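Here are the chains, one letter per residue:
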Amino acid sequence: MAEAHQAVAFQFTITPEGIDLHLSYQALSQIYLSGLRSWKKRISRIKNRIIKGVYPASPSSWLFVVIAILATMYMQSDPSMGLIAKIREHLPLSLSLSAQGQTVLSVLLFSTLLWLSLILALRFCLKLLLSYHRWMFELHGRISTKTKVWATLVRLLSSRKPLLYSYQTSLPHLPVPSIKDTLERYLESVKPLLDVDGFQRMTRLAAEFEKSLGNRLQKYLKLKALWATNYVSDWWEEYVYLRSRSPIMVNSNYYGMDFLYVTPTSTQAARAGNTITALFLYRRKVNREELNPSRIPGTVIPLCAAQCERMFNTTRTPGEETDVLQHWQDSEFVAVYHRGRYFRLWVYRAGRLLSPREIQYQIQRILDDPSPPSPGEDKLGALTAGNRTPWAQMRKQFFSSGVNKRSLDCIEKAAFFVTLDDQEEGMMGENPSVNLDRYAKSLLHGKCYDRWFDKSFSVVVYKNGKNGLNAEHSWADAPIVAHLWEFTLATDAFHLGYTADGNCKGEIEHSLPPPQRLSWDIPLQVSESLAVAQALADDVDCHVFPFREFGKGRIKKMKLSPDSFVQLALQLAYYRDRGTFCLTYEASMTRLFREGRTETVRSSSNESSLQRLLLRKAAEKHQNLYRLAMTGSGIDRHLFCLYVVSKYLGVESPFLKEVLSEPWRLSTSQTPVQQMELFDLVNHPEFISLGGGFGPVADDGYGVSYIIMGEEMINFHVSCKHSCTETDSHKFGSQISQAMMDLMTLLNPDFKEATKANPDKQS
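Here, residues in each chain are numbered from 1, in the same order as that chain's written sequence. With the structure being a predicted model, the display of local features is reserved for residues of pLDDT at least 70 and the display and counting of side-chain atom pairs for 80 or more, all residues being used for whole-chain, interface and lining totals. Heavy atoms throughout the structure, all of them, feed into the side-chain values; hydrogens and water do not.

Going by an unreviewed UniProt entry, the chain carries the name carnitine O-palmitoyltransferase and comes from Cyprinus carpio carpio. UniProt positions are given in the numbering used here, feature names are shortened, and annotations may be inferred rather than shown by experiment. According to its UniProt record, the chain has this under Pathway (unreviewed entry): "Lipid metabolism; fatty acid beta-oxidation." Regarding the chain, the relevant UniProt record gives this comment under Catalytic activity (unreviewed entry): "(R)-carnitine + hexadecanoyl-CoA = O-hexadecanoyl-(R)-carnitine + CoA".

1. Some thoughts on the overall build of the chain
Within the chain, the secondary structure is distributed over 24 helices and 20 strands. Relative to the compact-globule value of 27 Å for 763 residues, the chain shows a C-alpha radius of gyration of 29 Å, a close match. Each of the three principal axes of the chain carries a C-alpha extent, and together these read 90 × 80 × 60 Å. For every residue, the accessible area obtained with a 1.4 Å probe (protein chains only) is divided by the maximum for its type, and the residue is called buried under 20%, exposed over 50%, and partly exposed between those limits. Counting the 763 residues in the chain, one finds 53% classified as buried. The contact criterion used is simple: two residues touch if any of their non-hydrogen atoms lie within 4.5 Å. Looking at the chain alone, contacts between residues at least 24 apart form 78% of all its contacts between residues at least 6 apart. All accessible areas in this document rest on Shrake-Rupley with a 1.4 Å probe, and a residue is counted as covered only by the protein chains that are shown. As presented, the chain carries roughly 34700 Å² of accessible surface, and 57% of it is formed by carbon and sulfur atoms. Taken together, the 88 basic and 77 acidic charged side chains of the chain have centroids lying 7 Å from each other. Secondary structure elements follow DSSP: runs of H or I of four or more residues count as helices, runs of E of two or more count as strands, with numbering from the N terminus. Radius of gyration means the value over C-alpha atoms here, while the globule rule gives 2.2 Å times the residue count to the 0.38 power. Think of it this way: Lys and Arg go in the positive column, Asp and Glu in the negative one, and His and the chain ends go nowhere. Positions of charges follow a simple convention, taking NZ of Lys, CZ of Arg, CG of Asp or CD of Glu.

2. A short note on the packing of helix H10 (residues 268-288) against helix H11 (residues 356-368)
Axis definition: a line fitted to C-alpha atoms, limited for helices to the stretch in contact. Angles are taken between N-to-C directions and run from 0 to 180 degrees. Remark: H10 packs on H11, axes separated minimally by 8 Å, with the N-to-C direction vectors making an angle of 130°. The pairing of H10 with H11 is recorded here as oblique in orientation. In the packing of H10 onto H11, the handedness of the crossing is right-handed. Here H10 contributes Gln-268, Ala-269, Ala-270, Ala-272, Gly-273, Asn-274, Ile-276 and Thr-277 to the contact with H11, which in turn contributes Pro-356, Ile-359, Gln-360, Ile-363, Gln-364 and Leu-367. Gly counts as polar in this scheme, as do all residues outside two lists: the nonpolar Ala, Val, Leu, Ile, Met, Phe, Trp, Tyr, Cys and Pro, and the charged Asp, Glu, Lys and Arg. Taken together, the residues of the contact of H10 with H11 break down into eight nonpolar, six polar and no charged. Oblique is the label for any angle not under 35 degrees, not over 145, and not in the 65 to 115 range, which are roughly parallel, roughly antiparallel and roughly perpendicular in turn. Helix crossings are classified by the rotation of the near helix relative to the far one: an anticlockwise turn of less than a right angle makes the crossing left-handed, while a clockwise turn makes it right-handed.

3. Observations concerning the pattern of salt bridges
For this analysis, a salt bridge means a side-chain nitrogen from Lys or Arg found within 4 Å of a carboxyl oxygen belonging to Asp or Glu. This model, assessed by the stated rule, comprises 38 salt bridges. When the shortest N-O distance is used, the salt bridge between Arg-245 and Asp-323 registers 2.9 Å. Of this pair, Arg-245 sits in the loop between helix H9 (233-242) and strand E3 (254-257) while Asp-323 sits in the loop between strand E4 (314-317) and strand E5 (324-327); the two residues are 78 residues apart in sequence, bridging distant segments of the chain. With a relative accessible area of 3%, Asp-323 lands in the buried category.

4. Topic: the UniProt feature "transmembrane region" (unreviewed entry) in the chain
With numbering aligned to this structure, UniProt lists the feature "transmembrane region" (unreviewed entry) at residues 50-74 and 104-126. Taken end to end, residues 50-74 is 76% helix and 0% strand, and its two terminal C-alpha atoms sit 30 Å from one another. The annotated region residues 104-126 carries 100% helix and 0% strand content, and the separation between its end C-alpha atoms amounts to 32 Å.

5. Some words on the confidence of the model for the chain
Confidence of the predictor in every single residue is expressed as pLDDT, which spans 0 to 100. Averaged over every residue, the pLDDT of the chain is 89; the share at 70 or more is 92%. pLDDT under 50 marks residues 1-10. Its contacts with residues more than four places away, or in other chains, come to 19 contacts.

6. A short note on the packing of helix H18 (residues 562-578) against helix H20 (residues 615-630)
In the contact formed by H18 and H20, the axes pass within 9 Å of each other and the chain directions differ by 110°. The pairing of H18 with H20 is recorded here as roughly perpendicular in orientation. The hand of the H18/H20 crossing is right-handed. On H20, the residues touching Asp-563, Ser-564, Gln-567 and Leu-568 of H18 are Leu-615, Ala-618, Ala-619, His-622, Gln-623 and Tyr-626. In the contact of H18 with H20, the residues fall into five nonpolar, four polar and one charged.

7. Description of the side chain of His-338
Inspection of the secondary structure puts His-338 in strand E6 (residues 333-338). By relative accessible area, His-338 is classed as buried at 3%. Those residues in contact with His-338 that sit more than four places away from it in its chain are Ile-366, Leu-367 and Leu-420.

8. Quick word on the environment of Thr-322
As for its placement among the helices and strands, Thr-322 is situated in the loop between E4 and E5. Note: C-alpha distance between Thr-322 and Glu-238 (84 residues apart in sequence) is 7.8 Å. Once residues lying within four places of it in the same chain are set aside, the contact partners of Thr-322 are Leu-242, Arg-243 and Arg-245.

9. Here we look at the packing of aromatic side chains
Between rings of Phe, Tyr and Trp, where Trp is taken as its six-membered ring, a pair exists when centres lie within 6.5 Å; planes separated by under 30 degrees are stacked, by over 60 edge-to-face, and by other angles tilted. According to the stated counting rule, one finds 36 aromatic pairs in the structure shown. Ring centres of Phe-545 and Phe-716 lie 5.3 Å apart, and the angle between their planes is 15°; this geometry places the pair in the stacked category. Within this pair, whereas Phe-545 is found in strand E14 (residues 540-547), its partner Phe-716 is found in strand E20 (residues 713-721), the two being separated by 171 residues in sequence. Take Phe-545 and Phe-716: they sit in the same class, and that class is buried. One aromatic cluster is present, built from ring pairs that chain together Phe-280, Tyr-282, Phe-312, Tyr-348, Phe-416, Phe-457 and Phe-487. Counted as over-ring charges are cases with an Arg CZ or a Lys NZ within 6 Å of the ring centre that also lie within 35 degrees of the ring normal. Arg-344 extends its terminal NZ or CZ atom over the ring of Phe-333, reaching a point 5.0 Å from the ring centre. If you follow Arg-637 out to its NZ or CZ, it ends over the ring of Trp-236, 3.7 Å from the centre.

10. Brief notes about the pairing of strand E11 (residues 457-461)
For E11, the buried fraction is high: five of the five residues fall into the buried class. Side-chain alternation along E11 places Phe-457, Val-459 and Val-461 on one buried face and Ser-458 and Val-460 on a second face that is also buried. One bridge is not enough; two strands pair if DSSP finds at least two bridges between them. Both strand E10 (residues 417-420) and E11 contribute to a ladder of four bridges, which runs parallel. Opposite Val-418, over in E11, you have Val-459 as the bridge partner. Bridge count for E11 against strand E12 (residues 467-471) is five bridges, and the pairing is antiparallel. Bridge pairing in E12 links Val-459 to Leu-469. Here E11 folds back onto E12, and the loop between the two strands holds five residues, one of which, Gly-465, carries a positive phi near 95°.

11. Considering the nonpolar core
Of all hydrophobic cores here, the largest spans 104 residues; its most connected members are Phe-416 and Phe-457. When near neighbours in sequence (up to four residues on either side) are disregarded, Phe-457 contacts Leu-279, Met-311, Phe-312, Phe-416, Phe-417, Leu-469, Asn-470, Ala-471 and Leu-484. If you look at the next biggest cluster of nonpolar residues, it comprises 62 residues, including Ala-206, Tyr-231, Phe-593 and Ile-635. By nonpolar core is meant a set of buried Ala, Val, Leu, Ile, Met, Phe, Trp, Tyr and Cys residues that side-chain atoms within 4.5 Å join together.

12. A short note on the environment of Pro-79
Here Pro-79 is to be found in the loop between helix H3 (60-74) and helix H4 (83-89). In the structure, Pro-79 is positioned ten residues away from Ile-69 in sequence and 7.1 Å away in space, judged by C-alpha atoms. When neighbours within four sequence positions are excluded, Pro-79 is seen to be in contact with Ile-69, Thr-72 and Met-73.

Following this line, the structure appears as structure tokens:
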């Protein structure tokens, strides 16, 4: 109980001689330092609010304007054209200032108004410039004069170093496409997937929708676009994610993996220490807005950073009809799970972040703790893995008060969740391929009760030092989490580092109070939620494999987009696997717009379905579809919002109903890489990331994630369900590899011969 005594700042006893007061100077010192840290954060927020509020100008530019106006006034010139005199006339009589003082005050007021007007004008100009997207559709090396002038102006207005959120108010709003354009693009996307009669039927339904209900729904949508920051994002978050009543494990959450070849240390507590430290260093950068805004690679065009706001201290709480995302301003601890027990681990002491070595020391205390789980505690996390409504009902009944509420609050208000897994994972052993598949399943669902799937993200650290994470999807999309994870892995390996014996660096304050074991009084059974989650987990078939035959280097030599090439290979692989083409989902981001999230690229097109000799044309078509999606001219988010409006109005649309019920049997996504360039991948090729993956969207389909690593490797993550007899992740993985080889051979016939001459490169 030593830590409890230290927490008391003062004690007093009443004696015949009076009050005997005992002060704990150590406790008072910790209170003072914690308060000091809190005030520093407040001051930093105020400072950042001012800096980003005046961007693209700077606060010091106000002084420049004031001096310039005063200088011109001194030279007997009035740049205000009489406005300064008008301001002087209307100054309150209560201001007993001299004539010179009144003039100076009037100049200050006029200069401030002029400065604010200039800021608004600059911001408006930047917003107009960022609304121009034709540059994306121009061929490389054939840039128009208009685009060159535009790029120069954007660079000029972006020359000041921005904070993370500096561009937010300058980003344009997502435009609402016209009904006609969306319907034309939709019909074009489904034409290769339907027979003649089916296509004629959909054309008729689309025409009826456009003539009747479509324009009415469009008016409401345009009204929302005028009022809301983004006409899609709030509905997308609510109806696609938060209102779903099925398990978020596998169906919604996704995972990220460790390095493929390297494990910086085999000591579990040490890897946890550095990983937790790196994550808190990232949070500090987010809070202070020290991260550079993400940009489109190779350009100065910024992307929306709004999704970073709820990265930490966030949890998804269940409701009977809809879940709610809860976010707290700050949290100085993490929740840790190990062998059925939950702990609260404080990572700040007296206002300072513990050193990596101190966090390792605390983690080791948890690993060495021999206490058994309390009844029902070990499988409590299964509630977050099952259906949402039963979890909401149990939360309301058993976790609304008392010790259960206090312990649940510790988990939900934690910065993030940490699982110390007692298994070993990674590409190891005599059958590394099988172990990679097991690694993926472990991160995707674990044992169904040893992750807290409601947290914004959960970090998993394995017994052999491997790590990974599982992320909840409603608060942000994969590129945001990939940015966080890239920083974490690079900071862990290259900046924090380890001692020669594999321990974290830094000193230890041995007086640290031990991690706090959470207490529970659990009369309920979680067997129903666990059964639902276990059945879902057992049904998932995962296959992870590195494709080493070639990478983006060789594809670019063929003058093709690597992403388009991979998408066409996936189309060919699916056709060989199932004998037909299917509706294909590729996630594209719309973060060129404020609060933008994603749009669907319908990768299956007429061009990708014809003869392979049209490969280049198909790749160009895919690139154009991707650009349209990025610039607000996609198909699916517009139709989704029209459907939501129809539901609010209580009207039915056969066309929208059919479109929104179409299954995505091939759901794909590319994981971005080297977003921060914290280390040189060329000089450190062994630090290749495995990327991450997700579960299948359709019960009879595939989920495919891929990460294009360096010049010579592409890592694939394939998922499907065992319950579907027509899908097999390993078979489809082989089809992908073969399709990649065949398309490259089609582009470069000499490639096949070169491969035969170099059999060692075969994966």
